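# What the coordinates show
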Amino acid sequence: MRINNNLMAMNTHRQLGINNTGTAKSLEKLSSGFRINRAGDDAAGLAISEKMRGQIRGLTQASRNAQDGISLIQTAEGGLNESHAILQRMRELAVQSATDTNVEIDRGAIQDEMNQLVSELDRISNTTEFNTQGLLNGSFKGKFQIGANEGQNVELQIGKMDSTSLGLVSTISTAQGDTANNTNNAVLADGVYTVNEAKNALLDADGNTVATIATSKITAGGAEVIDLTSKEVLDAGAQITISGNGAKYDIKNKIDAAASSALAPGNYEIKGTNLVKDGKLVGTVADKVSVTPEGGSAIEAAKLGLTGDLLTDGFKFTINGSDVSTRANAEGSITTINKAIETVSAERSKLGAMQNRLEHTIKNLDTSAENLQASESRIRDVDMAKEMMEFTKQNILQQAATAMLAQANQAPQTVLQLLR
């Protein structure tokens, strides 16, 4: 018998240490609710769980992003709702002014209201904002991150909804057609651009130069975008609308107030020396010099936002406006306002479609996050019932090992019997 090394006590102490460790781990899992509290508990499971957690939190945030996108769309759509109401009133005024039961003073009063309504359209376009971002001034083009990973987004661009873009001010459509770079990877994005004062650059809605103008050619990024066949039709302040994923362009120049009041809104064509509107003779043309409406004075080409070179046989142009000061102008404005209503309707329809899409996106994201959360729970969370069984076992073993250690410590006492 030996007393220096009590192997029974040493073995029991080792087992007691193992039981204490097991009990501590069970207590940790039961108190935290997690099966994996550190990498040592399950290295692979921890890695998978953390990736899932990243996805879950990303999906949850993406759902909030989509909801914010809906809020932005609703703000823009609210502004357009009032724009629609204004346009309907303007159309009503145009119809009212188009009848000759009105005299000049009556039409003057109608025109006063019309001008105020046009100003309010511009105010709504310039001041409708979401989180300090202009929504209806043509500057908003953004992406909504609606997924947990890179590249999972949708893009939204809202057109400019002021009176000029809706064709409700005195402008003249001088040229339209296909751009030189009319592919889906167009150099200029869809939108409304403005010619600067020097007529040598094209500006976006924020006033940034996006293209240069030289010899009637518009160039952006080293590529020719529009070739106006050497006819200078770009006046300072002219607006160029790019559409169809960069495939189409439309140029509108501002016209003089006198020209606006003399020529009713509508589509015009020069046939020889005659000026024809909707198939009816409405005036004459002095070749490359001026246009003279019936019963009116000559209007120089420059006041129409044109150069004399364009006032030749076969040239077509469109006067856009909301002038109701005469019966003819009021009648032409009805069509112009109809087109404006259609433009606003199309924009609202686009916004509504995007909102419906985002609502489905939110449902999908929430479902995906819920399913991933369930999967992550099966990996990371502890089964409380099973772990309680393990804790009970470890607790009993711990108590038994403690009792046996006490017995093992008493074993060397038998040596005293030999020393009596």
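Everything quoted here is computed from the prediction, not taken from an experiment.

The subject of this paragraph is the overall build of the protein chain. Looking only at helices and strands, the protein chain has seven helices and 18 strands in total. Taking 420 residues into account, the globule formula puts the C-alpha radius of gyration at 22 Å, and the protein chain, at 39 Å, lies well above it. Along the longest, intermediate and shortest principal axes, the C-alpha atoms of the protein chain span 150 × 50 × 30 Å. Taken across its 420 residues, the protein chain has 40% of its residues classed as buried. Total accessible area computed for the protein chain in this model is approximately 22,100 Å², and 49% of it derives from carbon and sulfur atoms. Seen as two clouds, the 40 positive and the 49 negative side-chain charges of the protein chain have centres 13 Å apart.

Moving on: the side chain of Ser-333. Relative to the elements of secondary structure, Ser-333 occurs in helix H5 (residues 327-380). Classification of Ser-333 by relative accessible area gives buried; the value is 0%. Ignoring anything within four residues of it in the chain, the contact list for Ser-333 reads Ala-94, Pro-265, Gly-321, Ser-322, Asp-323 and Val-324.

Much of the literature gives interface size as the accessible area that the parts lose upon coming together. Examined at the domain level, the protein chain breaks down into domain 1 (52-165 + 333-369), domain 2 (171-254) and domain 3 (267-316). On a C-alpha basis, the centroid separation for the pair domain 1 and domain 3 is 37 Å.

Its place among the elements puts Arg-357 in helix H5. Sequence-wise, Arg-357 and Val-154 are 203 residues apart; in three dimensions their C-alpha atoms are separated by 10.0 Å.

This part covers helix H1 (residues 7-32). A rise of 1.5 Å per residue sets the reference length of H1, with its 26 residues, at 38 Å; its end C-alpha atoms lie 37 Å apart and thus fit the reference within 8%. All of the buried residues in H1 are Ala-9, Thr-12, Leu-16, Asn-19, Gly-22, Thr-23, Ser-26, Lys-29 and Leu-30. The first or second residue beyond H1 is Gly-33, which carries a positive phi of 85°.

Summed over the entire model, instances satisfying the criterion amount to 19 salt bridges. Across the salt bridge formed by Lys-217 and Asp-227, the nearest N and O atoms sit 3.0 Å from each other. Of the two residues, Lys-217 is situated in strand E9 (residues 217-220) and Asp-227 in strand E10 (residues 223-227); the sequence distance between them amounts to 10 residues. As a salt-bridge pair, Arg-327 and Glu-331 come within 2.6 Å of each other at their nearest N and O atoms. You can see Arg-327 and its partner Glu-331 sitting in helix H5, four residues apart, about one turn around the helix. Glu-331 gets classed as partly exposed once you look at its relative accessible area, which sits at 42%. Salt bridges linked by common partners bring Glu-50, Arg-53, Glu-376 and Arg-380 together as one network.

What follows deals with the nonpolar core. Within the largest apolar cluster, 40 residues are counted, with the highest numbers of intra-cluster contacts made by Leu-87, Met-90, Phe-144, Leu-156, Ile-158 and Leu-358. At the level of elements, helix H2 (43-97), helix H3 (104-127), strand E4 (153-157) and H5 are the ones that each hand at least two residues to this core. In terms of residues, this core owes the most to one element, H2, which gives 11 residues. Within the second largest apolar cluster, 19 residues are counted, among which are Ile-172, Ile-255, Val-291 and Leu-311.

Before going further, it helps to spend a moment on the packing of H2 against H5. Geometry of a packed helix pair, given as the angle between the helix axes and the separation of the axes. Look at H2 against H5: their axes get within 7 Å of each other, and the N-to-C directions meet at 165°. In this view, H2 runs roughly antiparallel relative to H5, as classed from their interaxial angle. With respect to the hand of their crossing, H2 and H5 are arranged in left-handed fashion. A class-by-class count of the residues in the contact of H2 with H5 yields 29 nonpolar, 19 polar and 11 charged.

Definitions and limits used
- Residues numbered from 1 in each chain as written.
- Predicted model: local features only at pLDDT ≥ 70, side-chain atom pairs only at ≥ 80, totals over all residues.
- Heavy atoms only, no water.
- Helix = DSSP H or I, 4+ residues; strand = E, 2+ residues; numbered from the N terminus.
- Rg over C-alpha atoms; globule rule 2.2 N^0.38 Å.
- Buried < 20%, exposed > 50% of the residue type's maximum accessible area, 1.4 Å probe, protein only.
- Areas by Shrake-Rupley, 256 points an atom, 1.4 Å probe, with all protein chains shown as cover.
- Lys, Arg positive; Asp, Glu negative; His and termini not counted.
- Charge placed at Lys NZ, Arg CZ, Asp CG, Glu CD.
- Contact = heavy atoms within 4.5 Å.
- Domains from an automatic or database assignment.
- Expected span 1.5 Å × (residues − 1).
- Salt bridge = Lys/Arg side-chain N within 4 Å of Asp/Glu carboxyl O.
- Core = buried A, V, L, I, M, F, W, Y, C linked by side-chain atoms within 4.5 Å.
- Axes fitted to C-alpha atoms, helices over the stretch in contact; angles between N-to-C directions.
- Parallel < 35°, antiparallel > 145°, perpendicular 65-115°, else oblique.
- Left-handed = near helix turned anticlockwise from the far one by under 90°.
- Nonpolar A, V, L, I, M, F, W, Y, C, P; charged D, E, K, R; others polar.

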